Amino acid sequence: MRLLRSSHVFAPAELGAQDILIGGGRILAVGADLSAASALDGLISVETLPPGRLIPGLIDQHVHFIGGGEGDGPEARMPELAFEAFASAGITTAVGLLGSEIEAKTLPSLLRKAHELDRAGLTTFIYTGAMALPAPFLTQSVPSDIALLDKVIGAKSAISERAFPNLDFAAFAALAGSLVQAKAVSGKAAVLHLHVGRLRGGLAALFDLIEKIDFPPSQAVPTHINRASDVSPVFEHGIRFAKAGGTIDFTCCLGPRDGLPAGLDPVEAVLRALDAGVPAERITLSSDAGVAVPDHRGGFRAVPPAILLCDLLRLTTEGGLDWPQALAFVTGNVARVLGLSSRKGAIAPGMDADLVLVGEDGRVVWTMAAGRVVFGPGMITREMTVH
Ligand SMILES: [Zn+2]
């Protein structure tokens, strides 16, 4: 067991100086002074963390583990992401998905990659399905993937996307209906993770699902809601969806900073959504890491997972939000929509010991995933070890 002493804990709520007792990969206790635990002679090491904010490990619900591309041809094929890119960026849980290339990048290779990252220490999940309808699957069907495979927690689909202009509403509704069934059978969130492209329909197909088959808004997470263009109503539709009880996901790499002028900067998108009356708990942020964005030489580069932490920091500086509120977009809110709240997204007893120390300069000093140090010095300022 380890007792970590931190001067500044955000759970995401600000708790100040706290001791955190860890054992078996979980957080066993959190309290202002747990030094009495060190009386467990020979079983516990006590470590004082250097100054900085201790936050829950970030949860990234939209990552191209095996590299993405967005309909920009072979030049936009991006490589697989390495474990270190997550650990060094404070991400301890990630959900992988397929991009627009589904002929050569497949669900089996996505699942294998999820296992590889998991072995290294990251908690990983994947979405079955893809942009195409009928949705591809791994076993016998989308519901059987979710019921039979631990790593599958939902399905990806796409609406209003120029690269996959799916017009078959019946097929879309069949997929959504199968997710309602999968949720009941598996007990998982069985989320419909919905890529929203820039076509004029915006979220119209999602509104139709809710109206025509009573699809629960809480089971869908439309993403890329900060896609802004003259013709697409996606942002306005997103506000409407969130006010109706859904959760909307903004994408870090969509915006002028990443060479995509048709996107709204995610910090601005969050502030606009809050201004429009969207409850803060209905907003999440994901990286879209591994996807291709234009580079400065006329080619493409892959978005790094570190963009998530970068935008978390920007929300607190440029956006003026306090840390607990900004943190919820990349921890607690994401855990809730993915059905992981009992293990992920907070620093509290019973949770997985996924912890990140962010230094005063905004860099990750140290990342612990399920009780294992996966980035940074393994043992920091060892104050005392009882033998
Ligand atoms: Zn993507």
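Summarised in this report is the structure supplied together with it. (Residues numbered from 1 in each chain as written. Predicted model: local features only at pLDDT ≥ 70, side-chain atom pairs only at ≥ 80, totals over all residues. Heavy atoms only, no water.)

**Some details on the coordination of the zinc ion**
Alright, step 1. The protein atoms that coordinate the zinc ion are His62 (NE2), His64 (NE2) and Asp288 (OD), at distances spanning 2.1 Å.
Alright, step 2. For the zinc ion, the single-chain donor residues occur in sequence as H-x1-H-x223-D. Taken together, the residues His62 in strand S6 (residues 58-63) and Asp288 in the loop between strand S13 (283-286) and strand S14 (292-294) connect sequence positions 226 residues apart. Summarising the burial analysis for this pair, His62 and Asp288 share the class buried. (Donors = N, O, S within 2.8 Å, 3.2 Å for Na, K, Ca; no water. Helix = DSSP H or I, 4+ residues; strand = E, 2+ residues; numbered from the N terminus. Buried < 20%, exposed > 50% of the residue type's maximum accessible area, 1.4 Å probe, protein only.)

**A look at the pattern of salt bridges**
Alright, step 1. Overall, the coordinates contain 19 salt bridges when judged by the stated rule.
Alright, step 2. The shortest N-O distance in the salt bridge between Glu47 and Arg2 comes to 2.9 Å. Here Glu47 is found in strand S4 (residues 45-48), whereas its partner Arg2 is found in strand S1 (residues 2-10), with 45 residues between them in sequence.
Alright, step 3. Across the pair Lys344 and Asp352 runs a salt bridge whose closest N-O atoms are separated by 2.9 Å. One exposure class covers both Lys344 and Asp352, and it is buried.
Alright, step 4. One network of salt bridges, in which partners are shared, links Arg26, Arg343, Lys344, Asp352 and Asp354. (Salt bridge = Lys/Arg side-chain N within 4 Å of Asp/Glu carboxyl O.)

**Quick notes on the side chain of Thr123**
Alright, step 1. Along the chain, the position of Thr123 falls in strand S8 (residues 123-129).
Alright, step 2. According to the relative accessible area criterion, Thr123 is buried, its value standing at 18%.
Alright, step 3. Sequence-distant contacts of Thr123, that is, excluding residues within four places in its chain, are made with Thr92, Thr93, Ala94, Asp118 and Lys344. (Contact = heavy atoms within 4.5 Å.)

**Side note on the packing of helix H5 (residues 204-213) against helix H6 (residues 234-243)**
Alright, step 1. Remark: H5 packs on H6, axes separated minimally by 10 Å, with the N-to-C direction vectors making an angle of 25 degrees. In terms of orientation, H5 and H6 fall into the roughly parallel class. H5 and H6 meet at a crossing whose hand is left-handed. On the side of H5, the interface is formed by Ala204, Leu206, Phe207 and Ile210, while H6 contributes His237, Arg240 and Phe241.
Alright, step 2. Along the lines of polarity and charge, the residues of the contact of H5 with H6 split into 5 nonpolar, 1 polar and 1 charged. (Axes fitted to C-alpha atoms, helices over the stretch in contact; angles between N-to-C directions. Parallel < 35°, antiparallel > 145°, perpendicular 65-115°, else oblique. Left-handed = near helix turned anticlockwise from the far one by under 90°. Nonpolar A, V, L, I, M, F, W, Y, C, P; charged D, E, K, R; others polar.)

**Examining unusual backbone geometry**
Alright, step 1. A cis geometry characterises the amide bond from Ala11 onward to Pro12, with omega recorded as 15 degrees.
Alright, step 2. As for its placement among the helices and strands, Pro12 is situated in the loop between S1 and strand S2 (14-23).
Alright, step 3. Cis geometry marks the peptide bond from Leu133 to Pro134, where omega comes out at -5 degrees.
Alright, step 4. With respect to the secondary-structure elements, Pro134 resides in the loop between S8 and helix H3 (142-148).
Alright, step 5. Non-glycine residue Ser160 carries a positive phi angle of around 55 degrees.
Alright, step 6. Structurally, Ser160 is set in the loop between strand S9 (152-159) and helix H4 (169-186).
Alright, step 7. Even without being a glycine, His224 presents a positive backbone phi close to 65 degrees.
Alright, step 8. Relative to the elements of secondary structure, His224 occurs in the loop between strand S11 (220-223) and H6.
Alright, step 9. With a relative accessible area of 2%, His224 lands in the buried category.

**Looking at the environment of Ser144**
Alright, step 1. Among the secondary structure elements, Ser144 is positioned in helix H3.
Alright, step 2. C-alpha of Ser144 to C-alpha of Val185: the two residues are 41 residues apart in sequence and 9.2 Å apart in space.
Alright, step 3. Sequence-distant contacts of Ser144, that is, excluding residues within four places in its chain, are made with Thr139 and Leu149.
Alright, step 4. Within the structure, the side chain of Ser144 is placed 3.2 Å from the backbone nitrogen of Gln140, a separation counted as a polar contact. (Polar contact = N/O pair within 3.5 Å; in protein donor to acceptor, adjacent residues only side chain to side chain.)

**Some thoughts on the nonpolar core**
Alright, step 1. Within the largest apolar cluster, 90 residues are counted, with the highest numbers of intra-cluster contacts made by Ile55, Leu58, Phe65, Phe86, Leu192, Phe250 and Leu312.
Alright, step 2. Of the residues forming this core, the biggest block, 7 residues, is contributed by H4.
Alright, step 3. Three or more residues apiece are contributed to this core by two domains, here domain 1 (2-55 + 346-385) and domain 2 (58-338).
Alright, step 4. Core analysis: the next-biggest nonpolar cluster, separate from the first, contains 15 residues, Ile22, Ile27, Ala353 and Met368 among them. (Core = buried A, V, L, I, M, F, W, Y, C linked by side-chain atoms within 4.5 Å. Domains from an automatic or database assignment.)

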